[in-house]
Amino acid sequence: MRTIKDLKQQFRFPLSITMTHLFTKFLLAATIRSFLSCKTNKERVTLPWGEYVKRVAPPGIAASLDIGLSNWSFEFITVSLYTMTKTSVVIFILFFSLVFRIERPRCCLIFVVIFIATGLLMFTFESTQFDKLGFILVLTASFLSGLRWTLSQMVLQRKEAGLSNPVDMMFHIQPWMILSLFPLSSGFEGLRLATSEQAFGFHDTRSLTPHLLMLFAGAFLAFLLELSEFLLVSHSSSLTLSVAGIFKEVLTLSLAAVINGDRMNTINVIGLVVCLAGIILHVILKATDKKEEVKHLPNDSTQGLLSDASYSNEESDFEINLVNLPKQRT
């Protein structure tokens, strides 16, 4: 019986896989929007062209390149090295948060960045599985991911944009992601995809079926992941999103070691611990800052602060009925 790792190694079209995921996410978002419109008898928000290009195109293009380069990097590096390198996205989110004045510059933030960067360097130091091209691809993806989520936060939390609902945001952003990734996908993989026996040149449907099942199962999981990410960012911040992935990173590394046999030496493990410790320190600092902000606010202004990232009544109904989670206020 072929394992998931075997199928992944045979179906070597990461950019085309990403394109399939993007199309699937767009169709799912459009279907949910139609369902909500029928249920509430209200039209969903649709941005005019000028606002659409100005506000959604930048995070959409950054997101597609982030996801595309991330998937591409798996051709060259292991899951462990990818996961640890991608953890550096918190550095770039901090950077762009300072550039766009979402966060104020503080010494503790610089300390956190140095802590995480040190852990990253320790993890890649003398790694027997280190690949320069794969590492550069992931690091570039991390840079773009920082830009992507900072810009997405600005769109989601801007009331006049009307995209605080994650499904509406996904519906608007997917076309830009598809358009920006299509030239890379067709240029690098188009000919190979059309002639490969694992794709359009298949001779036996039985050999193609496992690939299709994994492809669309991954697309559905990608939809749920992006939905939860936008939901979290709309209520909190891109920084909170980056540190919320700590458990996922630890779980991914553990599974990679057990299932794929990825190797990590002592320095790599120490680097992982240092990097995650820096992210945990950031969580503590954010919690402390939030307490200080609430403490110095008048009682009647607390509701105004919390409502900046809240949903409208219609969007609250969506969150309760579809996501089935209680509304959390930060």
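Residues numbered from 1 in each chain as written. Predicted model: local features only at pLDDT ≥ 70, side-chain atom pairs only at ≥ 80, totals over all residues. Heavy atoms only, no water.

A. The arrangement of helix α5 (residues 89–99) in detail. α5 sits mainly inside the fold: eight of its 11 residues count as buried. Among all positions of α5, only Val89, Val90, Ile91, Phe92, Ile93, Leu94, Phe96 and Ser97 are buried. (Buried < 20%, exposed > 50% of the residue type's maximum accessible area, 1.4 Å probe, protein only. Helix = DSSP H or I, 4+ residues; strand = E, 2+ residues; numbered from the N terminus.)

B. Broad picture of the confidence of the model for the chain. Confidence in the prediction of the chain, expressed as mean pLDDT, is 75, and 72% of residues score 70 or more. Considering only residues more than four positions removed or in separate chains, one finds that residues 1–8, a stretch of pLDDT under 50, has 11 contacts. The low-confidence segment residues 300–330, where pLDDT is below 50, has 51 contacts with residues more than four positions distant or belonging to other chains. (pLDDT = per-residue confidence, 0-100. Contact = heavy atoms within 4.5 Å.)

C. Representation of the side chain of serine 234 within the structure. If you trace the backbone, serine 234 turns up in helix α9 (residues 205–235). At a separation of 2.7 Å, a polar atom in the side chain of serine 234 contacts the main-chain carbonyl oxygen of leucine 231. (Polar contact = N/O pair within 3.5 Å; in protein donor to acceptor, adjacent residues only side chain to side chain.)

D. Structural view of the environment of alanine 141. By the element assignment, alanine 141 lies in helix α7 (residues 132–156). When the C-alpha positions of alanine 141 and glycine 68 are compared, they lie 8.2 Å apart, and in sequence the two are 73 residues distant. Setting aside anything within four residues of it in sequence, one finds alanine 141 in contact with Asp66, Leu69, Ser70 and Lys86.

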